[in-house]
Amino acid sequence: MTRQDATSGAPDGHAPATRSRQAAWALTLDISLRGRVRTYDRPLPDGTWANSTRDTPAGPDAPDAPWAVYLGDGTGYQLACFDFDAHDGSDGARRQADEDATACARILETHGIPSLVCESGPTGGRHVWASTLDTIEAGDMKAIAIGMRAMCPSLDITPLCNPRTGCARPPYAPHRLGGASRPIRGSIDAIDTPVAGEDEWLALMDDLATPDTRRTHDHVVERGIAHDAQAMPCLPGTRRGLPHASRILLDQPVGPGTDASRVLRAILIGAAASHWQWPDVLALLDQARPGMTHALTRRATPQGPREPRPATGPHSPGMVLAREWRSAVAWVAGHATHSTGDDPEWRERAARTTDTVRRALDRLARTPDTRATPSDTRVLKALCLLALRAARDTIEADVRRLGLMTGLSIWTVSHSLHRLERQGLVRLARKADGPRANTWQVLPGTPTDACIRANPNTSGHTPRVEHALLTLRDTLTDTLTAWLDAAGHDACRRQGLGIREGNRIADRYAHTPGETRTTARLDRLARALGTLGIRARQAVQYATDRLLWHWYLRELEWMRAPRGRKPRRTRAQGTPTGRMPRTTRHRIDWARALRAVQGTR
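Residues numbered from 1 in each chain as written. Predicted model: local features only at pLDDT ≥ 70, side-chain atom pairs only at ≥ 80, totals over all residues. Heavy atoms only, no water.

Student: When you look at the overall build of the protein in this model, what are you seeing that I'm missing?
Tutor: In terms of regular secondary structure, the protein is built from 19 helices and 16 strands. By the burial criterion, 49% of the 601 residues in the protein qualify as buried. For the protein, the exposed area adds up to about 27900 Å²; of that, 52% sits on carbon and sulfur atoms. (Helix = DSSP H or I, 4+ residues; strand = E, 2+ residues; numbered from the N terminus. Buried < 20%, exposed > 50% of the residue type's maximum accessible area, 1.4 Å probe, protein only. Areas by Shrake-Rupley, 256 points an atom, 1.4 Å probe, with all protein chains shown as cover.)

Student: Help me understand the sheet that holds strand β7 (residues 155-156), please; the structure alone is not making it clear to me.
Tutor: By definition, the strands of a sheet pair up through backbone hydrogen bonds, in either a parallel or an antiparallel sense. Read across the open sheet, the five strands follow the order β7-β4-β6-β5-β9; overall the sheet is antiparallel. Two strands bound the open sheet, and with one partner strand each, they are β7 and β9 (182-186). Pairing between strand β5 (residues 116-119) and strand β6 (residues 126-137): four bridges, direction antiparallel. Residue pairing in the sheet places Val117 in a bridge with Val128 of β6. Along the sheet, helix α2 (residues 91-110) makes contact with β4 (76-84), β5, β6 and β9, crossing β6 at roughly 30 degrees. (Pairing = 2+ DSSP bridges. Contact = heavy atoms within 4.5 Å. Axes fitted to C-alpha atoms, helices over the stretch in contact; angles between N-to-C directions.)

Student: I'm lost on the nonpolar core in this one. Help?
Tutor: Nonpolar side chains tend toward joint burial in soluble globular proteins. Ranked by size, the top nonpolar core spans 54 residues in total, and within it Phe82, Phe84, Leu108, Val128, Trp129, Met148 and Trp201 carry the most contacts. The element that contributes the greatest number of residues to this core is α2, accounting for eight residues. Within the second largest apolar cluster, 38 residues are counted, among which are Leu361, Leu383, Trp483 and Cys492. (Core = buried A, V, L, I, M, F, W, Y, C linked by side-chain atoms within 4.5 Å.)

Student: I'm lost on helix α1 (residues 21-31) in this one. Help?
Tutor: Count 3.6 residues to each turn of an α-helix, and residues three or four apart come out pointing the same way. Every buried residue belonging to α1 is among Ala24, Trp25, Leu27, Thr28, Asp30 and Ile31, and all of these are buried. Buried residues in α1 make contact with β1 (36-40), β3 (67-70), β4, α4 (189-192) and α18 (534-560).

Student: What exactly am I supposed to notice about the pairing of strand β16 (residues 439-442) here?
Tutor: A regular strand places its side chains on the two faces of the sheet in alternate fashion. Both faces of β16 are covered, namely the face carrying Thr439 and Gln441 and the face carrying Trp440 and Val442. Pairing geometry for strand β14 (residues 394-396) and β16, over three bridges, is antiparallel. Following the sheet pairing, Thr394 is matched in β16 by Gln441. Relative to β16, strand β15 (residues 426-430) runs antiparallel, the two being bridged by four bridges. From the neighbouring strand, Arg430 faces β16, where its bridge partner is Thr439.

Student: What should I look at first to understand unusual backbone geometry in this one?
Tutor: With the exception of glycine, the majority of residues adopt a negative phi angle, and the majority of peptide bonds are in the trans configuration. In the Ramachandran plot, Tyr172 falls in the positive-phi region, its phi being about 75 degrees despite a non-glycine side chain. With respect to the element layout, Tyr172 can be found in the loop between β8 (167-168) and β9. You will see that His275, though not glycine, has its phi angle at about 70 degrees, which is positive. Tracing the chain through its elements places His275 in the loop between α7 (260-273) and α8 (278-286). Judged by its relative accessible area of 18%, His275 falls in the buried class.

Student: Please clarify how the sheet that holds β14 should be interpreted in this entry.
Tutor: One open sheet holds the three strands; their spatial order is β14-β16-β15, and the pairing between them is antiparallel. If you trace the sheet from one side to the other, it starts and ends with β14 and β15, each paired once. Averaged over all pairs of adjacent strands, the angle between their axes in this sheet comes to 35 degrees, without regard to strand direction. Contacting β15 and β16, helix α14 (residues 410-422) runs over the sheet at an angle of about 105 degrees to β15.

Student: Explanation requested: the environment of Leu469 in the structure shown.
Tutor: Tracing the sequence through the fold places Leu469 in helix α15 (residues 463-487). For the pair Leu469 and Arg358, spaced 111 residues apart in the sequence, the C-alpha separation amounts to 9.5 Å.

Student: What is the right way to read the state of the cysteines from this model?
Tutor: A covalent bond bridging the sulfur atoms of two cysteines is what the word disulfide describes. If you walk through the whole model with that rule in mind, you get zero disulfides. With no disulfide of its own, Cys167 lies 9.6 Å from the sulfur of Cys81, the closest cysteine sulfur. (Disulfide = S-S within 2.5 Å.)

Student: Just to check I follow, could you spell out the packing of aromatic side chains for this structure?
Tutor: Aromatic ring pairs are described here by two measures, namely the spacing of the ring centres and the angle between the planes. A full pass over the atoms with the stated rule returns two aromatic pairs. Pairing Trp25 with Trp67 gives two aromatic rings, centres 5.1 Å apart and planes at 85 degrees, and the pair type is edge-to-face. With Trp25 in helix α1 and Trp67 in strand β3, this residue pair connects regions lying 42 residues apart in the sequence. Across this residue pair, the class does not change: Trp25 and Trp67 are buried. Centroid distance Tyr552 to Trp590: 5.3 Å. Interplanar angle 50 degrees. Geometry classified as tilted. (Phe/Tyr/Trp six-rings, centres within 6.5 Å; stacked < 30°, edge-to-face > 60°.)

As structure tokens, then:
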């Protein structure tokens, strides 16, 4: 399935806020399991659509109406969309949906299931998308949905309870009330390139069904949480000072229009991440610091003035602060520290990777005797972008994924990788094995003066240099994303303007604001050249190849298992159930297998 890459300005490599309707439809075709979608069928005079849908064949062009994609094949699920509703669109409902979606994504990631969080539309709801290599039986997915709702109350489990009708609007798809689904956290790979199988999903189901699992999204399991002398939770480690942002919030007066509870939560999350204990936090309350306003006061009416809290009881300052502290400690324990950039190890790794990427790109551009072709430039930039997003210089990347990112064929990508390897710009760190693709390492070349390491065991980055490199990481990620979006466009392919001219256009467009305008210009150019749609067709072909390969690996696993201990036949995502077809000589009939896979898409 195709990789829809992020664009400039999206945090943490997140997908862009907007896409053309046809680009959104191309992604839909890529992940569609049946070749059919649900479309809204009753337009209203105000330009919106009534909440009424029908089953519609998925053609090459995007429908005029908003649409939703089926999550299953009618008997089981290969896609999962956890739909968190903000029913009335109020600030409280929106906040609840966002918090529940964040918790759901974290629970999935804890079990090895990547996810993508989308703002579903103008009402503030959230969609958390995930996928699976194997078909998840309907009863199992329903149990997962019920268990997740026990922790995340805003979850609507309806789409995950009926594999025949369950559907959801995919990323970038338009909303019936206006706007579109907008990815805000995670990666399109979560639905584009599934890595979790039946084992991970069943482990998730078992954990959600465990009776002693705490039913709150802030804290599922208490791994890594200690308790101080007052039996209050804390994170073990050396106490540090509050982060800069928390210190500012702590002493900044809370104005009438400020949400005091969010200010307090941000302060406490910073304190928990800095390994503070309950007495340290309680001292802030005793000092009556401005950031403690929510714990010290409350509003008698929603718009009324704040008044002191009662001295005793569940709404007293100490009880309120204790509840908020437990929640903050659990949240920090349940979330990857590198997501906030507070993990020194992650910061060092990200800075080191940025240094490597910068030197590799400089070396490609400045070395007089380089033999890199225009296609080599595209492939190296794609590897560098993946390295920046992963915050490591060694990344797993197959030729189909790189081909879709760069607008090149898999054969061109393969030749470019070998040329880059011969030039010492990349290194094959691990060969492909089964479902795992080749792992490539970006090589830095000669260090820049600012980043020479003090010795082999330390990076030598001063705090100032590290901060500069992390800032450069964001800039490089945005620039490379925009560059590859333009270079990989249908207009910039060999059949269109050519690779070299396409790179020149990408150089010009990489710093052009407004992705929608840039895409529209390139779409018009591709239409005039007769190349519009090549990338979408290429994505369909690569997705079919990938599904056929997964089916073969499952078949191979089954054939190699000892007689009498054969595993239960599972279904690779999007492939027919059961064994692969055979010829009259009992060999795999690849032509029939290919037609069977194509028939399920």
